[in-house]
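# Remarks on the overall topology
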Amino acid sequence: MKVSKLPKANVNKFLESLQDFGEVIIPKEKQEQPGVYMFDTMTDPSEVAWEYLRTIIPPKKYLTKPKEVIFKFDSQRGFEEVIEDAEQKRVLFGLHPCDIHGIKILDVVFTHQYTDPYYTRRRNNTVIIGLSCIPDEKCFCKSMHTDYTEDGFDLALSDIGDGYLVAIGTSLGDDLVAERADLFTEVEETDRRKYLDFRKKRNQSFKLDLDIDDLPYILDLEQHSPIWDELGKRCLTCGSCSMVCPTCYCFNVYDELNLDARSGRRIKQWDACLFKDYALVAGGHNFREDRAERVKNRYYHKQFRMVEQYGKPSCVGCGRCINACPAGIDVVEVLTKVREGSYAETESS
Amino acid sequence: MLRLNHHEHKSYTLSENPYKPELARIISVDPMVEDNYLFRFRFEDAQLNQRFQYRPGQFMELSVIGVGESPISISSTPSRPGVIEMCIRRAGRVTNALYRLKPNDLIGLRGPFGNGFPMKKMNGNSLLIVAGGLGMVPLRSALLYALDNRQDYQRIILMYGTRYPDYLLFRSELEALALRSDVECRLIVEKSALSKDTPEWHGRTGLVTDLFDDLQDLDVQKSYALVVGPPIFYRFVLSKCLDLGFSKDRILMSLERRMECGIGKCGHCEIGNKKVCTDGPVFTYWDVMNLPEMI
Ligand SMILES: Cc1cc2nc3c(=O)[nH]c(=O)nc-3n(C[C@H](O)[C@H](O)[C@H](O)COP(=O)(O)OP(=O)(O)OC[C@H]3O[C@@H](n4cnc5c(N)ncnc54)[C@H](O)[C@@H]3O)c2cc1C
Ligand code: SF4
Ligand code: SF4
Ligand code: FES
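Keep in mind it's a predicted model, so treat the numbers as computed, not measured.

## Looking at empty space enclosed by the protein
Residue and element names in this part refer to chain A. If you walk through the whole model with that rule in mind, you get six cavities of 30 Å³ or more. Lining the largest cavity are 18 residues, with Cys235, Cys241, Tyr299, Cys325 and Ile329 sitting closest to its centre. Of all elements in the fold, only helix 9 (240–243) and helix 10 (291–310) reach the threshold of two or more residues within the lining of the largest cavity. Looking at the lining of the largest cavity, the element that brings in the most residues is helix 10, giving three residues. Partitioning the lining of the largest cavity into residue classes produces 13 nonpolar, three polar and two charged. Considering only enclosed or pocket space, the second largest cavity measures out at about 130 Å³ in volume. Every element with two or more residues in the lining of the second largest cavity is listed here: helix 10 and helix 11 (320–324). Per element, the largest residue contribution to the lining of the second largest cavity is four residues, and it comes from helix 10.

In structure tokens, the structure reads:
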């Protein structure tokens, strides 16, 4: 991989240059809520929250939208494809490795066997620029093997003190650098050493660990673990954990009629497997009536079914769901206790 | 910035939109049994109608324009192209709206989706088709296909049971089959009571499982069982199949789950380690018994 260096003094100029490509999305601190971050359109490079940890909503919202029109229809002319933001070019700037892995998982889901044109059209128009980070007590990407990434980005910035090492992942990334070659410098021996030091420091900063060895099989063995009922009692089925998850992709499709009652729009909208009617079918039969079954499904989907379907789990260890759950349900704690078979005991003691 | 704007970037192949329904016209609507109508459809685009291919056991997403979409099995056989037949039960919003439509009205269809029955793989084998209630709907496609390719299969046995004679789907068509010598068609009803305008029942009464007693001479090593019906039906029929000596991967069943996309994206049909829409809807009993949520 080609690597260059961007001195910190030049970073703002580089960010401005990205606006020539398209809308630049950056991590920002919420003005009304200090310490809370979100991805939003950059109006000025000074807004970048360089030390942010995790945003509430992951960058997936720019690729699979919370709610989007997918067709216009007319009872006589049929369905006409609508792709929102089809021509909108975007730069997603400042994504941490976990979020890049999240997008890599969405890439697979939305292109496997059938190509989802809504996702891929926007994906094709999106530049991804990664940014290094130092984990907190809710990050467990290292356990999920998503703490580094060799691909899935156009550029990736690693903080080495006075500047950033810039890994160039694609030919488009190379062109973004070439456009402002004046801002970049050669990587020197001291930079390489600073990077190795950074890496060591980062590796030592992880506080949370999840053992995923053989986890799909262990989950299969623990289908009837009392933990699922316990969780069913605690979970409020609010769906927050899915909304904030960088790899949750479920959606509903429904039609909205215009006033003329013959034309309208078909809508695709985020859904969550925790919601009561997720598996409800006509006639009132619900395949996951039980709340415990629905909570359980979220874990089995991520750590069991995704491994069987696509070869890797769909949790990237970002810690967002741990942060978001109003009932204090913690994915690492749950999976650790499933492995140890110790959930019921600790709960009742 | 010319260079940047001409970038191909990720070169995902942008193929046809798998969510896009094509217009189809209702050719006919025939009530079959209460709240189960047989609809015939033809794509508006004549070329599409010609080249449309599918496998028995596959399903389509049917749009009542302005109301929504539902997954529906194809009941016709690809060996009789040109028209798509679906037997549809009135169950909720979309299907109720469909029942208000008339011949010549337009709907949307996309598909076919799902794996379907492995008709080629079963060549040279006997087919034991066991249907309960509405389970006949996807099985009719496999049955007609096998009859149209009669030389490819050994014995073809249909065993179909419902509660009352008026609940038998495709009754006259199946009774006509009973006259053919190259297919063993056995219909059975639990109770012979009739509503006034259905022909009297002269056939057997009892449960579909009773019919298994006549199967002692079936060579199960060279047979497949195609089994579709309601949950209680599976419980008894599957154990009968095992008693006969069928191996678990020669028993095929078709499952239904909530579906929103039909193409493996929306998550709704996922179960155990499978997606019903793309890995199924046809599964072997072996697949199913390993999935605790399956039936
Ligand atoms: C693979 C497959 C094949 C099917 N084949 C047939 C068939 O040949 N004939 C037939 O009459 N019915 C069939 N069904 C069931 C049929 O899809 C439902 O009865 C139908 O979706 C009900 O929709 P509704 O809007 O009328 O009901 P509502 O209760 O109003 O449903 C609202 C929405 O829920 C979803 N939904 C509800 N029930 C089901 C269900 N059972 N399966 C999947 N999604 C559901 C649909 O997205 C539907 O639009 C099949 C289902 C599947 C999964
Ligand atoms: S399951 Fe939780 S920790 Fe894992 S990727 Fe989703 S939000 Fe992040
Ligand atoms: S965030 Fe917590 S309470 Fe809400 S659905 Fe998820 S697990 Fe349940
Ligand atoms: S119906 Fe959407 S994933 Fe199967």
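The structure having been displayed, the exposition proceeds.
## A short note on the side chain of A:Asn252
By secondary structure assignment, the location of A:Asn252 is in strand 10 (residues 251–257). Overall, A:Asn252 belongs to the buried group, its relative accessible area being 19%. Looking at A:Asn252, its side chain comes within polar contact range of the side chain of A:Asp271, at 3.2 Å. Among residues more than four places away in sequence, those in contact with A:Asn252 are A:Ile267, A:Lys268, A:Gln269, A:Asp271, B:Arg258, B:Glu260 and B:His268.

## Observations concerning the site of ligand 3
Every residue near ligand 3 is listed here: A:Cys235, A:Leu236, A:Thr237, A:Cys238, A:Gly239, A:Ser240, A:Cys241, A:Leu274, A:Cys325, A:Pro326 and A:Ile329. Applying the majority rule of atoms within 2 Å of the grid points places ligand 3 in the largest cavity.

## Things to note about the pattern of salt bridges
Residue and element names in this part refer to chain A. If you walk through the whole model with that rule in mind, you get 49 salt bridges over all chains. The residue Asp85 makes a salt bridge to Arg90 at a minimum N-O spacing of 2.8 Å. Residue Arg90 is classed as buried on the basis of its relative accessible area, which comes to 9%. Several salt bridges converge on common partners, so that one network encompasses Glu23, Lys65, Glu84, Asp85 and Arg90.

## What to know about the site of ligand 1
If you check the shell around ligand 1, you find 22 residues, and the closest are A:Ala282, B:Pro71, B:Arg89, B:Thr95 and B:Arg257. Neighbouring residues of ligand 1 are not confined to one chain but are distributed across chains A and B. One nitrogen or oxygen atom from the main chain of B:Pro71 is found 2.6 Å from an oxygen atom belonging to ligand 1. Contact between ligand 1 and B:Arg89: an oxygen atom at 2.6 Å from a main-chain N or O atom of the residue.

## Points about the pairing of strand 11 (residues 223–228) of chain B
Residue and element names in this part refer to chain B. Of all six residues making up strand 11, six are buried, and the element is well covered by its neighbours. Here strand 11 shows a buried face lined by Ser223, Ala225 and Val227 and a second buried face lined by Tyr224, Leu226 and Val228. Pairing geometry for strand 7 (residues 126–132) and strand 11, over six bridges, is parallel. Opposite Leu128, over in strand 11, you have Ala225 as the bridge partner. As defined by bridge partners, strand 11 adjoins strand 12 (residues 251–254) across three bridges and the pair is classed as parallel. Paired with Val227 across the two strands is Met253, which belongs to strand 12. In terms of handedness, the path from strand 11 via helix 6 (residues 231–244) over to strand 12 forms a crossover that is right-handed.

## Section: the sheet that holds strand 6 (residues 106–113) of chain B
Within a sheet, adjacent strands bond to each other through the backbone by hydrogen bonds, running parallel or antiparallel. All names here are of chain B. Pairing is antiparallel across the open sheet formed by six strands, whose spatial order is 4-3-6-1-2-5. Strand pairing shows two members of the sheet lacking a second neighbour, strand 4 (68–73) and strand 5 (84–89), which therefore form its edges. Each strand of the sheet is rotated relative to its neighbour by a mean of 40°, with strand direction disregarded. Relative to strand 6, strand 1 (residues 22–33) is paired through four bridges, and the arrangement is antiparallel. Within the sheet, the bridge partner assigned to Ala24 lies in strand 6 and is Ile107.

## Some points on the interface of chain A and chain B
Accessible area lost upon the coming together of the parts serves often as the stated size of an interface. In this assembly, 64 residues from chain A lie in contact with 50 residues from chain B. In total, chain A and chain B occlude about 5000 Å² of area from one another, counting both sides; carbon and sulfur atoms represent 53% of this. Looking at the side of chain A facing chain B, the largest losses of area belong to A:Phe79, A:Tyr114 and A:Asn124, adding up to 14% of the total buried there. Connecting chain A to chain B are two salt bridges. A salt bridge links A:Arg305 to B:Glu270; the nearest nitrogen and oxygen atoms lie 2.5 Å apart. Summed over the shared surface of chain A and chain B, the result is 25 residue pairs in polar contact (both at pLDDT 80 or more). At seven residues, helix 10 of chain A tops the list of elements feeding residues into the side of chain A that touches chain B. Its residues assigned to classes, the side of chain A that touches chain B shows 25 nonpolar, 18 polar and 21 charged.

## Some points on the side chain of A:Asp271
By secondary structure assignment, the location of A:Asp271 is in the loop between strand 11 (263–270) and helix 10. Within the buried set, A:Asp271 has no salt-bridge partner at all; the shortest N-O distance to an opposite charge, 5.7 Å, is to B:Arg258. The residues touching A:Asp271, leaving out its near neighbours within four places in the chain, are A:Met243, A:Cys250, A:Phe251, A:Asn252, A:Tyr278 and B:His268.

## Here we look at the domain arrangement of chain B
Residues and elements named next belong to chain B. Taken as a whole, chain B is organised into domain 1 (6–113) and domain 2 (126–294). Using only C-alpha atoms to locate each centre, domain 1 and domain 2 end up separated by 23 Å. Opposite the 26 residues of domain 1 that make contact, domain 2 presents 24 residues. Taken over both partners, the interface formed by domain 1 and domain 2 buries close to 2000 Å², and the fraction arising from carbon and sulfur atoms is 62%. If you sort the residues of domain 1 by the area they bury against domain 2, Val33, Phe59 and Ser75 come out on top, with a joint share of 22%. At the boundary of domain 1 with domain 2, the tally comes to two salt bridges. Listing elements by their share of the side of domain 1 that touches domain 2, those giving two or more residues are strand 1, strand 2 (36–43), strand 3 (59–64), strand 4, strand 5 and strand 6. Among the residues making up the side of domain 1 that touches domain 2, the classes are represented as 13 nonpolar, seven polar and six charged.

Conventions we followed
Residues numbered from 1 in each chain as written. Chains lettered and ligands numbered in written order. Predicted model: local features only at pLDDT ≥ 70, side-chain atom pairs only at ≥ 80, totals over all residues. Heavy atoms only, no water. 1 Å grid on protein atoms, 1.4 Å probe; cavity = no way out; pocket = protein on both sides within 12 Å on 5 of 7 lines; lining within 4 Å. Points joined across faces, edges and corners; volume = space filled by probe spheres on them. Helix = DSSP H or I, 4+ residues; strand = E, 2+ residues; numbered from the N terminus. Nonpolar A, V, L, I, M, F, W, Y, C, P; charged D, E, K, R; others polar. Buried < 20%, exposed > 50% of the residue type's maximum accessible area, 1.4 Å probe, protein only. Polar contact = N/O pair within 3.5 Å; in protein donor to acceptor, adjacent residues only side chain to side chain. Contact = heavy atoms within 4.5 Å. Near = heavy atom within 4 Å. Sits in = over half its atoms within 2 Å of the grid points. Salt bridge = Lys/Arg side-chain N within 4 Å of Asp/Glu carboxyl O. Pairing = 2+ DSSP bridges. Right-handed = clockwise from strand over helix to strand, strands pointing away. Axes fitted to C-alpha atoms, helices over the stretch in contact; angles between N-to-C directions. Buried area = accessible area lost by both parts, 1.4 Å probe. Lys, Arg positive; Asp, Glu negative; His and termini not counted. Domains from an automatic or database assignment.

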